[in-house]
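# Descriptive analysis of the structure
What follows is the residue order along each chain.
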Amino acid sequence: MLHLDSLISQSISDACNELFGFRPDEKQISIQSTRSEFQGERTVVVFPFTRLAKKSPEETGDAIGKYLVEHQEVVTDYGVVKGFLNLSISDKYWATALSSAVLEKNCFGLQPLGSKPQVMVEYSSPNTNKPLHLGHLRNIFLGYSVSNILKAAGHDVVKVQIINDRGIHICKSMIAWQLYGGGETPTSTGEKGDKFVGRFYVAFDKQYKIEISELLASGYDQKTAEADAPILLAARELLHKWEAGDSDVRELWSTMNGWVYDGFKFTYTEMGVDFDKLYYESDTYLIGKDQIEKGIESGAFIRREDGSVWIDLTDVGLDEKLLLRKDGTAVYMTQDIGTAILRFEEYPNLDRQVYTVGNEQEYHFKVLFEILAKLGLSQASRCHHLSYGMVELPEGKMKSREGTVVDADDIMAEMKTTAEQLARDAGKLENIPEEDRESLFKDVGYGALKYFLLKVDPKKSMLFDPAASVDFIGNTGPYIQFNYVRARSVLRNAGIDDVASLSPISPVHFDDTERSLLMSALSLPGIIEEAAKSYDPSLVANLCYDITKSYSSWYQNHPILNEEDDQVRTARLALCALSSSAVQIGMSLLGVSMPERM
RNA sequence: GGCCCUGUAGCUCAACUGGAUAGAGCAUCGCAUUACGGAUGCGAAGGUUUGGGGUUCGAAUCCCUACAGGGUCACCA
């Protein structure tokens with residue numbers, strides 16, 4: 001909410017009280033931007049008051065408008081159209097709002113750290129056997145950005161990742177490496193560690209399929225063939241040895257995981273994201289098992305005759321769910337229970353926990369939270385699944401089998417090259433010093449990618465069109481960066497070192513274009529708050545675009561440096577400064593860095 | 001089949017959470033350049049918000065229903 005709106009809202013409440021003898025509650029007072037075809041900047045919807053005021057919408061609006069002009073100095077004029085009260089705001093208000101926003105400089109819209117409770121955000125948490133792909137990019141950028149936004153809104157944020165470093169899937173690539181690896185390592189082959197291990201995971205799958213079809217040919221039924229394929233049995237054997245602490249198996253396990261981590265680390269650094277703490281499933285699954293034992297004692301869980309442990313959630317409309325296999329080994333859910341509990345123990349001040357995980361796991365998290373509740377843990381209500389939709393390609397879903405998976409490292413490299421190519425085509429290359437190029441192309445290329453993935457409402461599935469994503473015009477990251485660069489250039493040419501020196505700003509006349517630009521930029525604090533509440537970076541992305549579009553259009557026909565009237569010139573410089581810093585702050589929340597030149 | 005999500009311009013997305021004549025970008029067509037950075041700006045065209053009911057001052061938004069698409073219901077993670 002605009003600061004302005006809270007002033008107006010208060011006065012409306014007073015007006016209703018004095019004129020009609022009732023105070024509307026906050027939710028009834030709806031203030032929005034005035035449509036451009038009408039006079040004024042803010043519009044109040046008066047319908048909610050008409051019943052209690054016992055007057056027609058027009059009369060009600062007129063009475064409130066009159067009251068506001070008399071009692072609220074920021075309101076200079078009003079007009080009533082149907083049930084809508086349009087308010088004109090004084091130049092003086094805009095000037096002071098601009099002044100104080102400019103004074104805040106790089107902190108505009110940011111709440112003091114720790115003014116809100118501590119929140120933990122989990123994101124990324126990839127399968128360690130598969131290289132990162134496009135879907136992970138959405139997850140990672142989303143989680144990182146939500147963390148930034150929560151921090152900006154004043155929360156103390158802990159960024160974490162759960163590493164699924166144990167389990168049957170890991171054993172699959174281990175057995176494949178033992179069988180076909182011939183002792184090679186990422187160093188010996190020159191491969192990126194995660195890709196190297198991923199190759200063996202694929203090799204496992206290939207062999208597994210061959211063995212299944214052989215078994216089928218010799219008369220097995222599908223289910224038995226899938227369960228009894230020799231290579232799968234070998235992987236299970238490894239899992240047992242691992243759980244028993246066999247030292248050879250553990251050593252191979254930690255070596256191969258090390259390769260994967262090295263590979264991921266490279267990609268994270270390239271993306272500019274980081275974590276405060278890593279949780280490893282191998283450390284938390286035992287806690288989960290303990291909890292399950294407790295749950296059996298308390299009667300929340302049931303142990304069946306074959307030894308497997310289950311929870312019955314049919315009473316809350318879910319199914320029965322397996323918690324421990326009959327051989328006593330842990331499943332995915334087991335460690336998730338342990339991890340959730342461990343986190344709240346380790347961070348006693350933790351208010352809530354946010355899991356950034358794709359929407360295909362909505363059911364899983366529903367079950368998890370329900371289990372925590374059945375265990376009698378109050379944390380259950382403080383867990384939130386930040387669910388996001390899939391990224392689809394023009395030709396449909398990504399399928400590894402069909403080779404349509406878009407690899408994360410590949411797409412990032414491609415974005416960087418495209419940035420360079422476009423700079424060359426635009427003839428901008430010679431203006432950029434050699435030593436700055438690498439980081440500039442990363443800013444622009446990765447910026448385009450991050451913005452492209454974050455501008456869409458997270459919960460919706462989205463289409464990734466490679467051609468459109470590398471486009472640098474229209475609603476794209478580079479378009480925003482470009483206009484930022486131009487604005488910064490104006491400020492440099494004006495010789496402004498410290499934008500705070502522009503304040504105070506005299507109440508010059510602001511025209512419509514200026515008012516709407518100003519309103520856009522001033523809404524940053526409210527948008528940050530809203531984005532933090534709804535875990536939605538797209539709100540911030542869209543605001544950055546709005547500000548940029550307003551700025552660009554304003555810039556086209558409002559001279560700044562060439563303006564002769566000193567007061568107007570200062571006001572315009574301030575507007576330029578505010579717009580650019582608001583955009584810079586917003587984009588940084590998305591994890592996009594803004595170049596000074598491009 | 002049960003449960004969950006989605007359906008807005010040719011395409012990709014918005015719409016301040018129930019507010020005025022549903023807005024942007026791309027693509028198409030047209031206009032503007034002695035310029036503080038044209039990787040720009042302005043305009044035209046493009047809509048029965050999947051169909052049908054309902055709720056009310058007012059619906060893309062809430063309810064019911066039909067249809068279409070996706071997800072999920074593993075001793076996988």
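Everything quoted here is computed from the prediction, not taken from an experiment. (Residues numbered from 1 in each chain as written. Chains lettered and ligands numbered in written order. Predicted model: local features only at pLDDT ≥ 70, side-chain atom pairs only at ≥ 80, totals over all residues. Heavy atoms only, no water.)

### Considering the overall build of chain A
Helix and strand counts for chain A stand at 22 helices and 14 strands. Along the three orthogonal principal directions, the C-alpha set of chain A runs to about 90 × 65 × 40 Å. Of all 598 residues assigned to chain A, the portion counted as buried reaches 52%. Within chain A, contacts between residues separated by at least 24 positions form 73% of all contacts whose residues are at least 6 apart in sequence. (Helix = DSSP H or I, 4+ residues; strand = E, 2+ residues; numbered from the N terminus. Buried < 20%, exposed > 50% of the residue type's maximum accessible area, 1.4 Å probe, protein only. Contact = heavy atoms within 4.5 Å.)

### Quick word on helix α20 (residues 524-534)
Here α20 has its buried residues at Leu-524, Gly-526, Ile-527, Ile-528, Ala-531 and Ala-532. Buried residues along α20 sit in contact with α5 (134-152), α19 (512-522), α21 (537-557) and α22 (566-589). One or two steps after α20, the chain reaches Tyr-535, where phi turns positive at roughly 50°.

### Concerning the domain arrangement of chain A
Domains assigned within chain A are domain 1 (2-89), domain 2 (167-272) and domain 3 (414-589). Taking only C-alpha atoms into account, the centre of domain 2 sits 46 Å from that of domain 3. (Domains from an automatic or database assignment.)

### Remarks on the environment of Ala-15
Within the element layout of this structure, Ala-15 appears in helix α1 (residues 3-20). Measuring from C-alpha to C-alpha, the distance between Ala-15 and Ile-64 comes to 6.0 Å, with 49 residues separating the pair along the chain. Setting aside residues up to four positions removed in sequence, Ala-15 forms contacts with Phe-20, Ile-64 and Tyr-67.

### Some points on the sheet that holds strand β11 (residues 350-358)
Across the sheet, five strands lie side by side as β7-β6-β5-β11-β12; this open sheet has parallel pairing. Each edge of the open sheet is held by one strand with a lone partner, namely β7 (277-280) and β12 (383-388). On average, each strand axis in the sheet is tilted by 25° relative to the strand beside it, whichever way the strands run. Direction of pairing for β11 relative to β12: parallel, over a ladder of six bridges. The partner of Val-354 across the bridge, within β12, is His-384. (Pairing = 2+ DSSP bridges. Axes fitted to C-alpha atoms, helices over the stretch in contact; angles between N-to-C directions.)

### Things to note about the pattern of salt bridges
Inspection of every chain in the model, using the stated rule, returns 34 salt bridges. One salt bridge in this structure joins Glu-243 and Lys-289, with 3.3 Å as the shortest N-O distance. Of the two residues, Glu-243 is situated in helix α10 (residues 230-243) and Lys-289 in helix α12 (residues 281-298); the sequence distance between them amounts to 46 residues. Note on Glu-243: relative accessible area 21%, which makes it partly exposed. Residue Lys-289 is classed as buried on the basis of its relative accessible area of 17%. Residues Asp-457 and Lys-459 are paired through a salt bridge, measuring 3.3 Å at the closest nitrogen-oxygen approach. In this structure Lys-459 comes out as exposed when scored by relative accessible area, which is 62%. Three or more residues are tied together by salt bridges with common partners; here these are Lys-192, Asp-194, Lys-195, Asp-407 and Asp-409. (Salt bridge = Lys/Arg side-chain N within 4 Å of Asp/Glu carboxyl O.)

### Concerning the side chain of Glu-514
Assignment of secondary structure puts Glu-514 in helix α19. Residue Glu-514 is classed as buried on the basis of its relative accessible area, which comes to 4%. Each residue touching Glu-514, except ones within four places of it in the same chain, is listed here: His-509, Trp-554, His-558, Arg-572 and Leu-575.

### So, unusual backbone geometry
Following Ser-503, the chain continues to Pro-504 via a peptide bond in cis, the omega torsion being 0°. Mapped onto the elements of the fold, Pro-504 is located in the loop between α18 (477-493) and α19. At Lys-82, a residue that is not glycine, the phi angle is positive and equals roughly 50°. For Lys-82, the location among the structural elements is in the loop between β3 (75-81) and β4 (84-89). Given the relative accessible area of 63%, Lys-82 is considered exposed. A positive phi angle, near 40°, is found at Ser-125, a position not held by glycine.

### Describing the packing of aromatic side chains
In this structure the tally under the stated criterion is 20 aromatic pairs. Judged by centre distance (5.4 Å) and plane angle (85°), the rings of Phe-452 and Phe-464 are edge-to-face. With Phe-452 in helix α16 (residues 434-454) and Phe-464 in the loop between β14 (462-463) and α17 (466-469), this pair connects stretches of sequence that are 12 residues apart. Here Phe-452 and Phe-464 have matching classes, each one buried. An aromatic cluster is present here, built from Tyr-123, Phe-264, Tyr-268 and Phe-275 joined pairwise through their rings. Lying across the ring of Tyr-285, Arg-166 places its NZ or CZ 4.5 Å from the centre. A cation sits over an aromatic face here: Arg-250 above Trp-242, 3.8 Å from the ring centre. (Phe/Tyr/Trp six-rings, centres within 6.5 Å; stacked < 30°, edge-to-face > 60°. Lys NZ or Arg CZ within 6 Å of the ring centre and 35° of its normal.)

### What about the protein's contact with RNA strand B?
Near RNA strand B you find 61 residues, and of these Asp-306, Leu-322, Lys-428, Tyr-479 and Arg-486 are the closest. Counting only the atoms of RNA strand B that lie within 4 Å of the protein, the sugar and phosphate share comes to 59%. Taking Asn-475, its main chain carries an N or O atom lying 3.3 Å from a sugar or linking oxygen of RNA strand B. The separation between a sugar or linking oxygen of RNA strand B and a polar side-chain atom of Tyr-545 is 2.9 Å. Going through the elements one at a time, β2 (42-45), α2 (47-53), β4, α6 (168-180), α14 (362-374), β14, α18 and α21 are the ones with two or more residues in the surface near RNA strand B. Here the element with the most residues in the surface near RNA strand B is α18; it accounts for seven residues. Counted by class, the surface near RNA strand B contains 28 nonpolar, 17 polar and 16 charged residues. (Near = heavy atom within 4 Å. Polar contact = N/O pair within 3.5 Å; in protein donor to acceptor, adjacent residues only side chain to side chain. Nonpolar A, V, L, I, M, F, W, Y, C, P; charged D, E, K, R; others polar.)

### Re empty space enclosed by the protein
This model, assessed by the stated rule, comprises one cavity of 30 Å³ or more. The volume enclosed by the largest cavity comes to roughly 70 Å³. Around the largest cavity, the lining residues are Ile-480, Asn-483, Tyr-484, Ala-487, Ile-547, Thr-548, Tyr-551, Ser-579, Ser-580 and Val-583. For the lining of the largest cavity, the secondary-structure elements that each account for two or more residues are α18, α21 and α22. (1 Å grid on protein atoms, 1.4 Å probe; cavity = no way out; pocket = protein on both sides within 12 Å on 5 of 7 lines; lining within 4 Å. Points joined across faces, edges and corners; volume = space filled by probe spheres on them.)

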